[in-house]
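# Summary of the model geometry
Given next are the chains, with one letter for each unit.
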Amino acid sequence: MTRAQYVKRYPTAERCQTAVRNYMWLVQHAAPVRLPALQAIRPTSLTFELVQGRHAQPSDLPRLATHLGDVHGATWMNDLHRAQLGAVHVPSTELEVPDYPSSRQKALAARHAAGFLPTTADLDASLALLAQTAIGPAAFYKDTNPRNLLITANAVVTIDFDELTLAPFGYDLAKLIVTLAMTYGPLPANALRDALDRYNQAAAHHHERLGRTDMGQLSAFMSLHGVLTAPYLGRHGYRFRAPNPSAGTGLSDATKDIA
Ligand SMILES: Nc1ncnc2c1ncn2[C@@H]1O[C@H](COP(=O)(O)OP(=O)(O)OP(=O)(O)O)[C@@H](O)[C@H]1O
Ligand SMILES: [Mg+2]
């Protein structure tokens, strides 16, 4: 009998190796996360257990926020309490996790060149936001968009190991919020606050230093994701523009609060 499998192909062996490294790091350090079994590693493809589940939807946000807070809190306890957001984290010789700012500085410059940050003042403001958010305990970014979480009958399964970097607490929750809104339309402001409360509560359960992300920081992260994800509008199911965290959500202009 053939086992149910999902084969993911990569354009280069290097990208495939990165995905394997990321997967292994999650297995070792991100205890509450549920991953599909990795059944075969080939030079440019990976074979995973086929997960019977659906993509995440806005109604899943409360439980997903709790799940992410739990995963990030556990990972900080296991490993990331040793990490600094501004420096590559090297828990072992093979499983390093890139820093938070470097790749995003490059990506923001690319968005400016492509016209998504029209003026140099726009670029400078985004770079300043990035620098201001590179503080505090380290969690990680794993591109938490609705297609990278599969909701099964009894679990939330995380897939897609192509990207992994250090990131502040709340950053990957903001990615989920922005990409849910780009896929399904604007979310009510109280859904954001409720998600942040649940995320913080779950993270704080692991250590009292964690779970302190505020709405101003969440808004800053959402602004960054809005710019970084803008080129993908019209693809990957993104039918709506990224939410503007300072308008339409009922939030104050919180990005200015932390500037
Ligand atoms: N192990 C799996 N079991 C079941 N379905 C899977 C599995 N891995 C991936 N998929 C399906 O394939 C889709 C794309 O997979 P993945 O996210 O790894 O690739 P991607 O290139 O990042 O695509 P996308 O840009 O849509 O996220 C997932 O959203 C999911 O629907
Ligand atoms: Mg994906």
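Residues numbered from 1 in each chain as written. Chains lettered and ligands numbered in written order. Predicted model: local features only at pLDDT ≥ 70, side-chain atom pairs only at ≥ 80, totals over all residues. Heavy atoms only, no water.

### Here we look at the site of ligand 1
What counts here: The nearness test applies per residue and asks whether one of its heavy atoms lies within 4 Å of the molecule or strand. A 3.5 Å cut-off defines polar contacts: any pair of N or O atoms within that distance qualifies, except that in protein one atom must be a possible hydrogen donor and the other a possible acceptor, and neighbouring residues in sequence count only when both atoms are side-chain atoms. Shrake-Rupley sampling with a 1.4 Å probe provides the accessible areas, and residues are treated as covered by the protein chains on show and by no other component. Here a strand is any run of E in DSSP of at least two residues, a helix any run of H or I of at least four, and the numbering for each starts at the N terminus. For this scheme, ten residues count as nonpolar: Ala, Val, Leu, Ile, Met, Phe, Trp, Tyr, Cys and Pro. Four count as charged, namely Asp, Glu, Lys and Arg, and the remainder, Gly too, count as polar.
Around ligand 1, a shell composed of 13 residues is seen, among which Lys8, Val51, His55, Arg147 and Asp160 lie nearest. Here an oxygen atom of ligand 1 and a side-chain polar atom of aspartate 160 are 2.7 Å apart. Coverage of ligand 1 by the protein chains reaches 74% of its 590 Å² of free accessible surface. Only β1 (5-9) and β3 (45-49) provide two or more residues apiece to the shell around ligand 1. For the shell around ligand 1, the per-class residue count stands at 6 nonpolar, 3 polar and 4 charged.

### Brief notes about the environment of valine 157
Heads up, the rule is: Throughout, a contact is declared for two residues whenever any of their heavy atoms are within 4.5 Å.
Topologically, valine 157 is positioned in strand β7 (residues 156-158). Taking the C-alpha atoms as reference points, valine 157 and alanine 83, 74 residues apart in sequence, are found 26 Å from one another. Beyond its immediate chain neighbours, meaning those up to four positions away, valine 157 contacts Arg34, Leu35, Pro36, Val51, Asn148, Leu149, Leu150 and Thr152.

### Overview of the sheet that holds strand β2 (residues 38-42)
Strand pairing within a sheet occurs via backbone hydrogen bonds; the two strands may be parallel or antiparallel. What counts here: We call two strands paired when DSSP finds no fewer than two bridges between them. What counts as an axis is a line fitted to C-alpha atoms, over the stretch in contact for a helix, and the angles between N-to-C directions run from 0 to 180 degrees.
A sheet is described by the order of its strands in space; here 3 strands give the open sequence β1-β3-β2, paired in antiparallel fashion. The sheet is open, and its two edges are formed by β1 and β2, each paired on a single side. Shown here is a sheet whose adjacent strand axes are inclined to one another by a mean of 15°, direction ignored. Relative to β3, β1 runs antiparallel, the two being bridged by 5 bridges. The partner of lysine 8 across the bridge, within β3, is leucine 46. Each of β2 and β3 is contacted by helix α1 (residues 13-29), which is oriented at about 35° to β3, the strand it contacts most.

### What about the coordination of the magnesium ion (ligand 2)?
Let me state the cut-off plainly: Each metal's donors comprise the N, O and S atoms found within 2.8 Å of it (within 3.2 Å for Na, K or Ca). Water is not part of the atom list, so some coordination spheres may appear incomplete. Only protein chains enter the calculation, and the probe is 1.4 Å; a residue is then buried if its accessible area is under 20% of its type maximum, exposed if over 50%, and partly exposed in between.
Taken together, Asn148 (OD1) and Asp160 (OD) make up the protein donors of the magnesium ion (ligand 2), found 2.1 to 2.2 Å from the metal. Remark: aspartate 160 occurs in the loop between β7 and β8 (165-168) and asparagine 148 occurs in the loop between β5 (138-141) and β6 (149-151); sequence separation between them is 12 residues. Take asparagine 148 and aspartate 160: they sit in the same class, and that class is buried.

### Here we look at the confidence of the model for the protein chain
For the record, the criterion: Confidence scores per residue from the predictor, reported as pLDDT, run from 0 to 100.
Across the protein chain, the average pLDDT comes to 93, with 93% of residues at 70 or higher. With pLDDT under 50 throughout, residues 247-259 is counted as low confidence; its partners more than four residues away or in other chains account for 25 contacts.

### Some words on the sheet that holds β6
Within the open sheet, the 3 strands sit side by side as β4-β6-β7. Their pairing is antiparallel. Two strands close off the open sheet at either side, each with one partner strand: β4 (54-55) and β7. Contacting β6 and β7, helix α2 (residues 61-78) runs over the sheet at an angle of about 55° to β7.

### Observations concerning the pattern of salt bridges
Applicable threshold: Within this document, salt bridges are pairs made up of a side-chain nitrogen of Lys or Arg and a carboxyl oxygen of Asp or Glu, the two lying within 4 Å of each other.
The tally for this structure, following the rule as stated, stands at 7 salt bridges. Of the charged contacts, one joins lysine 8 and aspartate 162 as a salt bridge, the two residues approaching to 2.9 Å between their closest N and O atoms. One end of the pair, lysine 8, is in strand β1; the other, aspartate 162, is in the loop between β7 and β8, and 154 residues separate them in sequence. Here aspartate 162 falls in the partly exposed class, since its relative accessible area comes to 30%. Among the ionic pairs, arginine 54 bridges to aspartate 60, the shortest N-O distance being 2.8 Å. A single network of salt bridges, built from pairs that share partners, joins Lys8, Asp160 and Asp162.

### Focus: the packing of helix α3 (residues 101-113) against helix α4 (residues 120-133)
Which entries qualify depends on this criterion: What sets the label is the angle itself: under 35 degrees gives roughly parallel, over 145 gives roughly antiparallel, 65 to 115 gives roughly perpendicular, and the rest give oblique. Should the near helix be turned anticlockwise from the far one by less than a right angle, the crossing is termed left-handed; should it be turned clockwise, right-handed.
Contact geometry for α3 and α4: axes closest at 10 Å, N-to-C directions at 165°. As far as their axial angle goes, α4 and α3 are roughly antiparallel. The handedness of the crossing between α3 and α4 is right-handed. Residues Pro101, Arg104, Gln105, Leu108, Ala109 and His112 of α3 form the contact with α4, whose own contacting residues are Thr120, Leu123, Ser126, Leu127 and Leu130. Here the contact of α3 with α4 is built from residues that sort into 6 nonpolar, 4 polar and 1 charged.

### With respect to the pairing of β2
Two faces, one strand: in a regular strand the side chains alternate between the faces of the sheet. With 4 bridges joining them, β2 and β3 adopt antiparallel strand pairing. Residue pairing for β3: arginine 42 is matched across the bridge by serine 45. The antiparallel hairpin formed by β2 and β3 contains 2 residues in its connecting segment.

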